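# Reading the structure
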Amino acid sequence: MLNRTPLYEAHVSLHGRMVPFAGWEMPLQFHGILAEARAVRTSSGLFDVSHMGRIWLTGPEAAALLDWVTTANVPALAVNVARYTLICTDEGGILDDGIIYRLGQDEYLLICNAANRDSVWRWLVQWRDERFTKVKLVDRTTEVAMIAFQGPGTLQAMERLAPGLAERLRPFRSAQAQVAGISAHVGRTGYTGEDGFEMMPAAGDAPALWRHLLETGAVPCGLGSRDVLRLEAGLLLHGSDMDKHTNPFEAGLDRFVFMDKESVCSGTLRQVIQREVHRKLTGFQMVERGVPRHGYPIVRDGTTVGHVTSGGYSPTLDSYIGLGYVSSELTPPGTSFAVDIRGKMVKAKAVALPFYSRRRN
Amino acid sequence: MHPVDRRYTKEHEWVLLERNGRALVGITAYAQEQLGDVVFLDLPKKGTRLEQTQKLGEIESVKAVSDIYTPLNGVVFQVNQELVEHPELVNEDPYGKGWMVRLSSVDAAELEKLLTAEQYEQFLSQLQ
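Residues numbered from 1 in each chain as written. Chains lettered and ligands numbered in written order. Predicted model: local features only at pLDDT ≥ 70, side-chain atom pairs only at ≥ 80, totals over all residues. Heavy atoms only, no water.

Attention shifts here to the overall build of chain A. On a plain count of helices and strands, chain A comes out with nine helices and 19 strands. For a compact globule of 361 residues, the expected C-alpha radius of gyration is about 21 Å, and chain A comes in at 20 Å, within 12% of that figure. With the principal axes as the frame, chain A shows a C-alpha extent of 60 × 50 × 45 Å. Across the 361 residues of chain A, 58% fall into the buried class. Accessible surface for chain A amounts to roughly 15,200 Å². Of this, 50% is attributable to carbon and sulfur atoms. Within chain A, the 38 negative side-chain charges are centred at a point lying 4 Å from the centre of the 39 positive side-chain charges. (Helix = DSSP H or I, 4+ residues; strand = E, 2+ residues; numbered from the N terminus. Rg over C-alpha atoms; globule rule 2.2 N^0.38 Å. Buried < 20%, exposed > 50% of the residue type's maximum accessible area, 1.4 Å probe, protein only. Areas by Shrake-Rupley, 256 points an atom, 1.4 Å probe, with all protein chains shown as cover. Lys, Arg positive; Asp, Glu negative; His and termini not counted. Charge placed at Lys NZ, Arg CZ, Asp CG, Glu CD.)

Turning to the interface of chain A and chain B, a few remarks are in order. Taken together, the contact pairs 19 residues of chain A with 17 residues of chain B. Here chain A packs against chain B, burying approximately 1,300 Å² in sum over the two surfaces, 46% of which is carbon and sulfur. Considering only the surface of chain A that becomes buried against chain B, Arg289, Arg293 and Arg342 of chain A emerge as the three largest contributors, covering 40% of it. Connecting chain A to chain B are six salt bridges. Salt-bridge contacts for Arg293 of chain A lead to Glu60 of chain B; the nearest nitrogen and oxygen are separated by 2.9 Å. Where chain A meets chain B, there are 13 residue pairs in polar contact (both at pLDDT 80 or more). Listed by contribution, the elements that provide at least two residues to the side of chain A that touches chain B are strand 2 (24–29), helix 2 (33–42) and helix 8 (223–232) of chain A. (Contact = heavy atoms within 4.5 Å. Buried area = accessible area lost by both parts, 1.4 Å probe. Salt bridge = Lys/Arg side-chain N within 4 Å of Asp/Glu carboxyl O. Polar contact = N/O pair within 3.5 Å; in protein donor to acceptor, adjacent residues only side chain to side chain.)

Residue and element names in this part refer to chain B. On the basis of which strands lie adjacent, the open sheet formed by three strands has the order 4-6-7 and antiparallel pairing. Each of the sheet's edge strands pairs with one partner strand only, and the pair in question is strand 4 (38–42) and strand 7 (65–69). Strand-to-strand twist of the sheet, defined as the mean angle between neighbouring strand axes without regard to direction, takes the value 25°. Bridge analysis of strand 4 against strand 6 (residues 55–61) gives four bridges, and the strand direction is antiparallel. Paired with Phe40 across the bridge in strand 6 is Glu60. (Pairing = 2+ DSSP bridges. Axes fitted to C-alpha atoms, helices over the stretch in contact; angles between N-to-C directions.)

In this structure, Pro354 of chain A follows Leu353 of chain A across a cis peptide bond, with omega equal to -5°. Inspection of the secondary structure puts Pro354 of chain A in the segment after strand 19 (344–351). Positioned with a positive phi, Ala22 of chain A is a non-glycine residue whose angle comes to about 50°. Even without a glycine there, the phi angle at Thr53 of chain B is positive, about 70°. Within the fold, Thr53 of chain B resides in the loop between strand 5 (49–50) and strand 6. Judged by its relative accessible area of 60%, Thr53 of chain B falls in the exposed class.

Turning next to the nonpolar core. All names here are of chain A. One finds Leu57, Leu65 and Leu124 to be the most contacted residues of the largest nonpolar core, which totals 88 residues. Setting aside residues up to four positions removed in sequence, Leu57 forms contacts with Ala62, Leu65, Leu66, Asp106, Glu107, Tyr108, Leu110, Leu124, Val135, Lys136 and Leu137. Membership of the second largest hydrophobic core comes to 26 residues, among which are Ala10, Ala145, Ile182 and Val186. (Core = buried A, V, L, I, M, F, W, Y, C linked by side-chain atoms within 4.5 Å.)

Residue and element names in this part refer to chain A. As judged from the four bridges shared by strand 14 (residues 279–286) and strand 19, these two strands associate in the antiparallel manner. Paired with Gly283 across the strands is Val351, a residue of strand 19. Sheet topology note: the strand 18 (residues 336–341)/strand 19 ladder contains six bridges and is antiparallel. Bridged to Asp340 within strand 19 is Met345. Where strand 18 folds back on strand 19, the antiparallel hairpin that results is connected by two residues, among which Arg342 adopts a positive phi of roughly 45°.

Residues and elements named next belong to chain A. With mixed pairing, six strands are arranged side by side in an open sheet as 10-11-12-9-3-13. Looking at the sheet topology across the chains shown, the edges are occupied by strand 10 (174–179) and strand 13 (219–221). Ignoring strand direction, the axes of neighbouring strands in this sheet form an average angle of 30°. Two strands pair when backbone bridges link them, and strand 10 and strand 11 (residues 182–187) are joined in this way by six bridges, in the antiparallel orientation. Across the sheet, the residue bridging to Ala175 is Val186, located in strand 11. Here helix 2 sits on the sheet in contact with strand 3 (45–48), strand 9 (147–150) and strand 13, set at roughly 125° to strand 13.

What follows concerns helix 5 (residues 154–161) of chain A. Since the α-helix advances by 3.6 residues per turn, residues separated by three or four positions end up pointing in the same direction. Residues and elements named next belong to chain A. Inspection of helix 5 places Thr154, Ala157, Met158 and Leu161 among the buried residues, and these make up the whole buried set. All buried residues of helix 5 fall inside an arc of 100° around its axis, so they share one side. Exposed and oriented more than 90 degrees from the buried face of helix 5 are Gln156 and Arg160. Of the surrounding elements, those touching the buried residues of helix 5 are strand 9, helix 6 (165–168), strand 10, strand 11, strand 12 (196–201) and helix 7 (206–215). (Arc of directions from axis to C-beta.)

Residue and element names in this part refer to chain A. Topologically, Leu161 is positioned in helix 5. When its relative accessible area of 17% is taken as the criterion, Leu161 is described as buried. Separated by 17 residues in sequence, Leu161 and Gln178 have C-alpha atoms that sit 8.2 Å apart. Residues in contact with Leu161, not counting those within four places in the same chain, are Gln178, Val179, Ala180, His212, Leu213 and Thr216.

Set out below in structure tokens:
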């Protein structure tokens, strides 16, 4: 039996095409994946991301536990600041990626991927029991919903629904707020490469908040467009572009690793950084037409030099793009190779990430 | 809903007979709806001889790759180049600008064995 978010009925009534995803029944698309992606780039889109894990950590050792299992400098986070981070194994592999919100003096929220909610939970519990026994862990994934409101049009809409809030919230800041009269924790965060907000109302309030946001003209969006948008923005997907057999340096996530601390993975990561990284994640663009997909070999001079981890058509760039791991010497932009698309060698070249970045004021 | 001027297959292709033993081939509105946004087409070269139910090409949506089959024996006379450049036409106009290939040397009698618009409609209603 699949889980359903508090917005399930709303999706069905909007004719969302529901699919199983990481144990949840989620909308893949409403009107069309590409139209939804374009709406987010040009106006605004609305995503139900309630399937993602929401774990609360409270108590005097909450920061210490998070600092131990993630790569962030957690004690340096001020209240109402959010930070993208990696949760690593003791071998330095990426167990999951997520966002830490510091909600109060001794209160933190960790957002993790739906598919990894159980393994992240077990990892937190293991270290809580072993070293940080004063931390209280609560999984509130089903009690609290999460709605992502993304795109250049969100700013104006938010000004109507929550006057003054957007101005207070710089990127990666968060606040408890009233949006259209509904209480929610709101972060200036997202996974689309656009400006936007992620809101966490109580599960029971989610349908009303969703309705209010739709009334601003936002286009309902499914997981399909979310995947297109994050790829264009060069944002990695755990389980495709990285996993526990990948370390943060191979994945090009060096800037999210704070080295000057002791953590479950700090020893291993220090060793990793000493050694040479042999394979690295690269962005690439197809030079000839063809859709690169997860698992396709990347080939140079007749030899497989890596594999595609994500790929597809980019509506914003009108080209075919992808991510993949290749030998480190093949990552400089312009390096040419081919993608083996079901036996056909199709030309591609390495490009710098992100593929797309929004114009900032 | 489905044009009555042509014939259909259970694999959701359509064939429109033209003059001189030629015919246009495409996929149905139902097929494009199921596929979602089409982003790539791999179509055969001009002159390729195709036998009925043989693979005609591949169609890729954002999420998946599917095979397209030829509903009739024939020779590829023309490929819709505009469609190769703009695969979204399959979604926007599956029965018009979304045609994929023009076959020559088709046997009109063979066409009679395919589904009429009404029969195809009936077939679809059984699927749902």
